[in-house]
Each structure stands twice: as C-alpha cells, then as structure tokens.
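Observations on chain architecture
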Amino acid sequence: MAQERTLSIIKPDAVAKNAVGDIISRFEKAGLQVVACKMVSLSQEKAEGFYAEHSERPFFKDLVSFMTSGPVVVQVLEGDNAIAKNRELMGATDPKKAEAGTIRADFATSIDANAVHGSDAPESAQREVAYFFSDEEICPRG
Ligand code: RTP
Ligand code: MG
C-alpha cells in the first residue's frame, strides 16, 4: 500500500473539550504517524482560503465563523493509505450518521462542530498540507 500524507485538523470544539490527546492517540493507534503538528488560531482569511471550494455553499459563513472561534491543532499524518484511513477514523460529516467508535461519533456535537477535518483525496491532501506547512516543518519518521 502506498505511503501517503494527509492533513488533519482538530477543530475548535474538540480543542475546547480537551480532546486533542485522545484524538491524536487514535491516529497513532491506527498506525498513522504525526510528522508535523501545531496549534494555530485561524484568521478569517486563512479559514476562507482553506474552505474556498465551499464558498458558494449556504453553510460557508457559519463554517468560517466556527473555524475561527478558537484555536485548532493542524497536523500532517503519514502512513499506508493515510487519506482514506484518516477519513475512516473520522466517521461521517454529520455525527448522527457517523459509525460508532469513530472520532466524530465520540467527540462531535453537530454537523458544524464536528471535531475534525481530513483531506479527502491525494490532490486536496497535497494542497492542504502545503497550505499550513513548509517543507522544513515536516519531519519524516522513516
Ligand atoms: P471536512 O472538510 O471539515 O473534513 O468535512 P467533510 O469533508 O466531512 O465535509 P465537507 O463536505 O468537506 O464540508 C466541510 C465542512 O462544512 C460543514 N458542513 N456543513 N450544514 C451543512 O449541511 C454542512 N455541510 C458541511 C461541516 O462542518 C463540514 O465538516
Ligand atoms: Mg471536506
């Protein structure tokens, strides 16, 4: 299976719940390695740029407002099939539809405050990793 990198964000609701450690632990237990990690408070511009693909959607304003409501933890996860594996660990966007045992089933409270973000394809993963991290900030573990 191909080694991949994916961008993960622990969103403001999960940071506020002190769930950062629990969530990162799930990634690690599933065999994904954290190769970059930082806590940031997103500016409106940074959040809008990150979710630009959704700019015409009715929920865009709420999404940007939520993502700037408190600090987030942004990380790059590396491993076999990392993009799909992370999405599996996250569960469905709407926590009511998320499978039991997934991060969103356990930590999300609504479709807006849904605990985590994960890149959804190789192209978005590459773009999103570069949106937050320079090459020097990524530390391959070998
Ligand atoms: P994410 O990008 O945050 O990992 O989430 P996702 O792929 O599961 O969902 P996506 O379709 O990319 O939507 C991005 C975020 O927008 C919010 N959303 N709200 N009210 C709504 O119908 C709605 N749909 C999406 C969610 O917070 C979602 O995570
Ligand atoms: Mg998405």
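If you're wondering where the values come from, they're calculated on a predicted model, not measured in any experiment. Per-chain numbering applies: the sequence of each chain, read as written, is numbered from 1 onward. Think of it this way: whatever chain is written first is A, whatever ligand is written first is 1, and the rest follow in order. Under the rules for a predicted model, residues below a pLDDT of 70 receive no local features and side-chain atom pairs below 80 are neither given nor counted, while totals for whole chains, interfaces and linings still include all residues. Derived side-chain values reflect all non-hydrogen atoms in the structure, with water molecules and hydrogen atoms excluded from consideration.

**Regarding the UniProt feature "active site" (unreviewed entry) in the protein**
Selection rule: UniProt positions are given in the numbering used here, feature names are shortened, and annotations may be inferred rather than shown by experiment. Only DSSP runs of H or I covering at least 4 residues are called helices, and only runs of E covering at least 2 are called strands; the numbering of each starts at the N terminus.
Look at the UniProt record and you will see "active site" (unreviewed entry) annotated at His-117. By the element assignment, His-117 lies in strand E4 (residues 116-118).

**Considering the site of ligand 1**
So the rule is basically this: One heavy atom suffices: a residue is near a molecule or strand as soon as one of its heavy atoms comes within 4 Å of it. A 3.5 Å cut-off defines polar contacts: any pair of N or O atoms within that distance qualifies, except that in protein one atom must be a possible hydrogen donor and the other a possible acceptor, and neighbouring residues in sequence count only when both atoms are side-chain atoms. To be clear on the numbers: accessible area is Shrake-Rupley with a 1.4 Å probe, and residue cover counts the displayed protein chains and nothing else. Put simply, the grid is 1 Å and covers the protein atoms alone, a cavity is a trapped set of points that fit a 1.4 Å probe, a pocket is an open set with protein on both sides within 12 Å along at least five of seven lines, and lining residues have an atom within 4 Å of a point. Each molecule is checked against the cavity or pocket grid, and it sits inside if more than half of its atoms lie within 2 Å of the grid points. Throughout this entry, Asp, Glu, Lys and Arg are counted as charged residues, while Ala, Val, Leu, Ile, Met, Phe, Trp, Tyr, Cys and Pro are counted as nonpolar. The remaining residues, Gly among them, count as polar.
Residues in contact with ligand 1 amount to 14 residues; listed here are only the nearest, Tyr-51, Thr-93, Ile-111, Asn-114 and His-117. At a separation of 3.0 Å, an oxygen atom of ligand 1 approaches a polar side-chain atom of His-54. Separating an oxygen atom of ligand 1 from a side-chain N or O atom of Arg-87 is a distance of 2.9 Å. When ligand 1 sits alone it has 560 Å² of accessible area, and the protein chains cover 80% of it. Of the pockets mapped on this structure, ligand 1 occupies the largest pocket. When contributions to the shell around ligand 1 are tallied by element, the ones reaching two or more residues are helix H5 (82-90) and E4. In the shell around ligand 1, the residues fall into 5 nonpolar, 5 polar and 4 charged.

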